[in-house]
Amino acid sequence: MCSSDLDGLELPTDVATYGPGLPSEAELRLLGNLEGKRVLDLGCGAGHAAVAFARAGAKVIAVDPSAEQLEIARDAADRAGVKIELQHAGPAELAFVRGDGIDLAWSAYALGEVTDLDRVFRQVHRVLRQAALIVFTLPHPAFTMFVAGPQGLLGSEGSPPTPRRTYHDATPYTVDRGGDRVTD
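Just so we're clear, the structure is a prediction, and the values are computed from it rather than from any experiment.

### Regarding the sheet that holds strand β3 (residues 38-42)
- Spatially, the five strands line up as an open sheet ordered β5-β4-β3-β6-β7, and their pairing is parallel. In this open sheet, the two edge strands, each paired with only one partner strand, are β5 (85-88) and β7 (128-137). Pairs of neighbouring strands in the sheet enclose a mean axial angle of 20 degrees, with direction left out of account.
- Note: β3 against strand β4 (residues 59-64), five bridges, orientation parallel. Each bridged residue has a counterpart across the sheet, and for Leu 42 the counterpart in β4 is Val 63.
- Sheet strands in contact with helix α3 (residues 67-80) are β4 and β5, and its direction is about 170 degrees off that of β5.

### Focus on the nonpolar core
- Leu 31, Phe 53, Val 60, Ile 84 and Trp 106 are the most contacted members of the largest nonpolar core, which has 25 residues in total.
- Taken together, the elements giving at least two residues each to this core come down to α2 (48-55), β4, α3 and β6 (102-108).
- Listed in part, the 15 residues of the second largest apolar core include Ile 61, Val 63, Ala 92 and Leu 128.

### Re the environment of Leu 31
- Take Leu 31: it is sitting in the loop between α1 (25-28) and β3.
- Sequence separation between Leu 31 and Leu 133 is 102 residues; the distance between their C-alpha atoms is 7.9 Å.
- Setting aside residues no more than four positions away along its own chain, Leu 31 makes contact with Tyr 18, Glu 25, Phe 53, Leu 104, Trp 106 and Val 135.

### Quick notes on α2
- Among the eight residues in α2, seven count as buried, and that is most of the element.
- For α2, the complete set of buried residues consists of His 48, Ala 49, Ala 50, Val 51, Ala 52, Phe 53 and Ala 54.
- Taken from the residues just after α2, Gly 57 is the one with a positive phi, measuring 95 degrees.

Parameters at a glance
- Residue positions are given per chain, counted from 1 along the sequence in the order it is written.
- A pLDDT threshold of at least 70 governs which residues receive local features in this predicted model, and a stricter bar of 80 or more applies before side-chain atom pairs are shown or counted, although totals over entire chains, interfaces and linings include all residues.
- Note that water and hydrogens are dropped before the side-chain values are worked out from all heavy atoms of the structure.
- Each pair of strands is called paired provided DSSP finds at least two bridges between the two strands.
- Numbering goes from the N terminus for both helices and strands, where a helix is a DSSP run of H or I of at least four residues and a strand is a run of E of at least two.
- Convention adopted: a line fitted to C-alpha atoms gives each axis, helices being fitted over their contacting stretch, and angles between N-to-C directions are expressed from 0 to 180 degrees.
- Contact criterion: two residues are considered in contact whenever any of their non-hydrogen atoms come within 4.5 Å of each other.
- By nonpolar core is meant a set of buried Ala, Val, Leu, Ile, Met, Phe, Trp, Tyr and Cys residues that side-chain atoms within 4.5 Å join together.
- Per-residue accessibility, obtained with a 1.4 Å probe over protein chains only, is compared with the maximum for each type, and a residue is labelled buried under 20%, exposed over 50%, and partly exposed between these values.

So, in structure tokens, the structure goes:
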């Protein structure tokens, strides 16, 4: 079963993926048994990981600043027959989460869009149980060199990707993620 997400990619809802071209949780096995655990998905997007966690028996709170992405996530959960608590909020806006009540915080690529990571990590620290995991991925700087242009990452007719910025360029860039324009 798949859920639409980043730039039209079809992502599975039976296993969490760490990002484009990266191994899945089925391969890395970083999270352990999720049965009965409370999982916080920060920047859930279209909900592919949140649905996978719920399918594994987790109680999932999925947070995203995009109402449109939350609707897609709601549809994915409905199609999978799982319950997910969806919250329209940014990753640092966790006042609705009880302190010391989360067993795992997860974020795949969403923290790259956050301007105040200190605030996010303070909030996550507040809600995580002692010794609980936070697992997150960020786009590698090499990936940002190839920010999609009008023809996507590849040039015309399948030619190799053309760098659009230097490796050391720290200026923000804007991309389309599932119909939302976001700045990394």
